[in-house]
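Breakdown of the fold
If you want the building blocks of each chain, they are given just below.
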Amino acid sequence: MRTGTLGVNLSGLLPIIRKNLYTHSDVFLRELIANGVDACQKLLRVSQQDNLQVPPDSLKVEIIAYPARRQIVIRDNGVGMTEEEIENFLTVIAASSAREFTEKYKETDIIGFFGMGFYSAFMVADKVEVLTQSYKAGSPGLLWVSEGSENYTLQEAERPEGRGTTVTLYLNKEYEEYAQIWKVRQIAEKYARFLPIPILVEGSSINQKPLWREHPSTLQEADYQKFYRLLYPGEEEPAFSIHLNMDYPISLQGILYFPHLRPEAVLSPNALSLYVKGMFITDQLGEILPEYLRLLYGVIESADVPLNVSRSQLQVDPTVRKIGQYISRKVVEKLKEVLDKDRARYERLWEHVGPFVKYGIVRDEDFAKRAKEICLVETIDHKFLTLSEYEANLSVSKSPKGYLVGFYVNDLQKQGALAALFQAKNYTVIKADTVIDPYWLSYLEKEGKIRFVRVDSEEASSWLGETSSKGGLTLEEEKQIKEALERLTQLKVERCELSARGPAALIVRDEVGRRYQEILMKGEKVPPSRLLFNSQHPLYKRYLLTQDKRWLEHAWDWARLLSGELQEGDLRKFLERDWELLSGA
Ligand code: ADP
Ligand code: MG
């Protein structure tokens, strides 16, 4: 047997690290700012221990861009580095002082941990200079220069500002954009504006207070609204916000916003950002969040998210995956709180919150168990009922087979006239008019307790019929009308008995088949399955008497009018005919 040591050809490896370490070249700035912030945090820490005089508000990280020279400078007045530290940490890839520091000072706010961040500078720069001077007494200024190969130079050089570190990047031509001040400001604001040390871009601070870290009891609704405007300038106010604040079993803080859901609203699917230690990590939370929460806006932060070198690894991290579950649990809890404490407010919110909740219930069994009690249904006269209140209402429409029948409309304008007939019989009719509703109703039917039927379905119409037939027509007359209507409409026609005030005829659709088709065809129109004519309606007596076919055409138009299918031209004809028939023309 032979043992050996893997040889590493560094000059071959460096370009690979450089190109593949991070997916966005932007992150070099995040990493260098993070190093500056770490250096300041470290100085704060050691100054307490070593009794140094460092006013906390004197610390800062500055970013200056020089477009003409194609340079960008990141400068801090933190701990700086000694020669030994440069040799041990800066010049050894994947060496970091963080572990040592954390152990010695029990410090938890240091961002860096892997000793890779600094090298991201070579993603965009051909040459990097580090001018540094350690806070340690008598330390000289040092200038380290590298062109990204395994060679570097290190020499003493004066640092005019004294203690701290200045990193100068000589940008590659391809990346000269990073010497533009607007670009630098944009990236710095995106990644670093919630960091705890002042970050100055061209002299002005970009820092903002991370509101999610404050205690919820100290905040007002207006604070959340203001913070929303900071995060999403120019966007419409959110409908509702939730402050997450938990330490156990995982550390998770954040503010979630439910956007106003309007048909015309364009929602961004990546509006929720993840922060770790105040630093922006990603808004591509993809797999991390359950689907139904991906349209939420806001920020979350967790100290338990590992700052992996590759942020794309977040997706497979078990802690990160748990975050999704906790968030969804918290969302239900908070909504329940509002429902219990302020029902009127919850009813107003439901329009915006409901679709998320319904979607979650349809997609996630676990969520469904918890979320059912925060669901509302809206009746056509704008009353809101919880599911249990609704079920109680349904006791009047219990079918002989034992299930409850729930009547609904999905287009109040078209089905409103019919719906009113149901209401007049004291049946509750609910609205189910959003895209998610067909799925949601099917889900609620799964337990077998309720069956939903749209007011214009065959099954629904049987609930309108009188039970004892008064039989206004003879069998022969009935047959005559039926056949004539079938010729006219090309539909299967059947007699039904509505009260004398009911409409002349109804178009009905097969409930199960229609709903299934609607889901498949995504809202396309499903043809009617048959026509029911109300034998109690006086119109048919007139027909039999006069044999004037216009009466039947009139009945057919009535049915189409009720289901919103009468087009403009037909409507005019209908009105003219109405006039003629009634005036005996
Ligand atoms: P990490 O931040 O994960 O430790 P980096 O590659 O970003 O890894 O940095 C490596 C080390 O170089 C740091 O741990 C720190 O000791 C040192 N260093 C980098 N930038 C600075 C700075 N601006 N001031 C002081 N030390 C720094
Ligand atoms: Mg770092």
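Below is a short write-up of the structure. Here the structure is a predicted model, which means the values were calculated and not measured.

Our focus in this paragraph is the packing of helix H2 (residues 27–50) against helix H5 (residues 181–192). Close contact between H2 and H5 brings their axes to 9 Å; oriented N to C, the two are set at 60°. Our classification of the angle between H2 and H5 gives oblique. In the crossing of H2 with H5, the sense of the turn from one axis to the other is right-handed. Residue-level contacts link Val27, Leu29, Arg30 and Ile33 of H2 to Val184, Ile187, Ala188, Tyr191 and Ala192 of H5. In terms of residue class, the contact of H2 with H5 is made up of eight nonpolar, no polar and one charged.

Turning to helix H17 (residues 550–562), a few remarks are in order. Over its 13 residues, H17 runs 18 Å from end to end, which matches the ideal 18 Å to within 8%, given 1.5 Å per residue. For H17, the full list of buried residues reads Trp551, Leu552, His554, Ala555, Trp556, Asp557, Ala559, Arg560 and Leu562. Where the residues of H17 are buried, they touch helix H11 (412–424), helix H14 (475–489), strand E20 (505–508), strand E21 (530–534), helix H16 (538–546) and helix H18 (568–582). Phi for Gly564, located one or two positions after H17, is positive at around 70°.

As a further point, take unusual backbone geometry. The omega angle of the peptide bond from Tyr248 to Pro249 is 0°, so this bond is cis rather than trans. The backbone of Lys277 shows a phi angle near 50°, a positive value even though the residue is not glycine. Using a relative accessible area of 25% as the deciding quantity, one classes Lys277 as partly exposed. The backbone of Gln490 sits at a positive phi, close to 60°, despite the residue not being glycine. Positionally, Gln490 belongs in the loop between H14 and strand E19 (492–496). Using a relative accessible area of 67% as the deciding quantity, one classes Gln490 as exposed.

A contiguous nonpolar surface patch, about 320 Å² in accessible area, is contributed by Trp558, Leu561, Leu571 and Leu575. Within the residue set of the nonpolar patch, elements represented by two or more residues are H17 and H18. With respect to the helices and strands, Leu571 occurs in helix H18.

Counted by the stated rule, this structure contains 33 salt bridges. Close ionic contact of Arg451 with Glu459 constitutes a salt bridge, the shortest N to O distance being 3.0 Å. Residue Arg451 is classed as partly exposed on the basis of its relative accessible area, which comes to 29%. Close ionic contact of Asp570 with Lys573 constitutes a salt bridge, the shortest N to O distance being 4.0 Å. Taken as a pair, Asp570 and Lys573 lie in helix H18 at a separation of three residues, close to a single helical turn. Classification of Asp570 by relative accessible area gives partly exposed; the value is 23%. In this structure Lys573 comes out as exposed when scored by relative accessible area, which is 53%. Several salt bridges converge on common partners, so that one network encompasses Glu553, Asp557, Arg560, Asp570, Lys573 and Arg577.

Glancing now at the sheet that holds strand E18 (residues 450–454). The three strands lie next to each other as E17-E16-E18, forming an open sheet whose pairing is parallel. At either end of the open sheet lies a strand with only one pairing partner, and these are strand E17 (429–431) and E18. The average angle at which neighbouring strand axes cross in this sheet is 40°, direction not considered. Of the strand pairs in this sheet, strand E16 (residues 404–409) and E17 are connected by three bridges, and their pairing is parallel. The residue of E17 that forms the bridge with Phe407 is Val429. Its contacts with the sheet place helix H12 (residues 437–445) against E16 and E18, and it is angled at close to 145° to E18.

The next point concerns the environment of Gly80. By the secondary structure assignment, Gly80 is in the loop between strand E2 (71–76) and helix H3 (83–90). Judged by its relative accessible area of 6%, Gly80 falls in the buried class. Apart from the residues within four sequence positions on either side, Gly80 is in contact with Glu85, Thr132, Gln133, Ser134, Gly164 and Thr165.

Reading guide: rules and limits
Residues numbered from 1 in each chain as written. Chains lettered and ligands numbered in written order. Predicted model: local features only at pLDDT ≥ 70, side-chain atom pairs only at ≥ 80, totals over all residues. Heavy atoms only, no water. Axes fitted to C-alpha atoms, helices over the stretch in contact; angles between N-to-C directions. Helix = DSSP H or I, 4+ residues; strand = E, 2+ residues; numbered from the N terminus. Parallel < 35°, antiparallel > 145°, perpendicular 65-115°, else oblique. Left-handed = near helix turned anticlockwise from the far one by under 90°. Contact = heavy atoms within 4.5 Å. Nonpolar A, V, L, I, M, F, W, Y, C, P; charged D, E, K, R; others polar. Expected span 1.5 Å × (residues − 1). Buried < 20%, exposed > 50% of the residue type's maximum accessible area, 1.4 Å probe, protein only. Patch = residues over 30% accessible without salt bridge, like charges linked within 9 Å, V, L, I, M, F, W, Y side chains within 5 Å. Areas by Shrake-Rupley, 256 points an atom, 1.4 Å probe, with all protein chains shown as cover. Salt bridge = Lys/Arg side-chain N within 4 Å of Asp/Glu carboxyl O. Pairing = 2+ DSSP bridges.

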